[in-house]
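# A closer look at the structure
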Amino acid sequence: MNPIRIAKSWINYRRTVAELGNLSNHALTDIGITRFDIRNIASRSFR
């Protein structure tokens, strides 16, 4: 993986964590995830 691709993936990871982190617990429950799941879900975009 080249450095530019790594940087873009990291930005996507951070954006996903931030966006999911801004949701309420109720909204997260509605889409079937918990706060504990956020980093795991975001890491999928970093791979």
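Everything below is about the structure shown above.
Criteria and thresholds
Residues numbered from 1 in each chain as written. Predicted model: local features only at pLDDT ≥ 70, side-chain atom pairs only at ≥ 80, totals over all residues. Heavy atoms only, no water. Helix = DSSP H or I, 4+ residues; strand = E, 2+ residues; numbered from the N terminus. Expected span 1.5 Å × (residues − 1). Buried < 20%, exposed > 50% of the residue type's maximum accessible area, 1.4 Å probe, protein only. Arc of directions from axis to C-beta. Polar contact = N/O pair within 3.5 Å; in protein donor to acceptor, adjacent residues only side chain to side chain.

## Let's talk about helix H1 (residues 3-21)
Here H1 spans 27 Å end to end across 19 residues, near enough to the 27 Å set by a 1.5 Å rise per residue. Of all the residues in H1, the buried ones are Ser9, Tyr13, Val17 and Leu20. Viewed end-on, H1 has its buried residues packed into an arc of 80 degrees, placing them on one side of the element. In H1, those exposed residues whose orientation departs by more than 90 degrees from the buried face are Pro3, Ile4, Lys8 and Glu19. Of the residues that open H1, the one with a side-chain oxygen 3.1 Å from the backbone nitrogen of Ile4 is Asn2.

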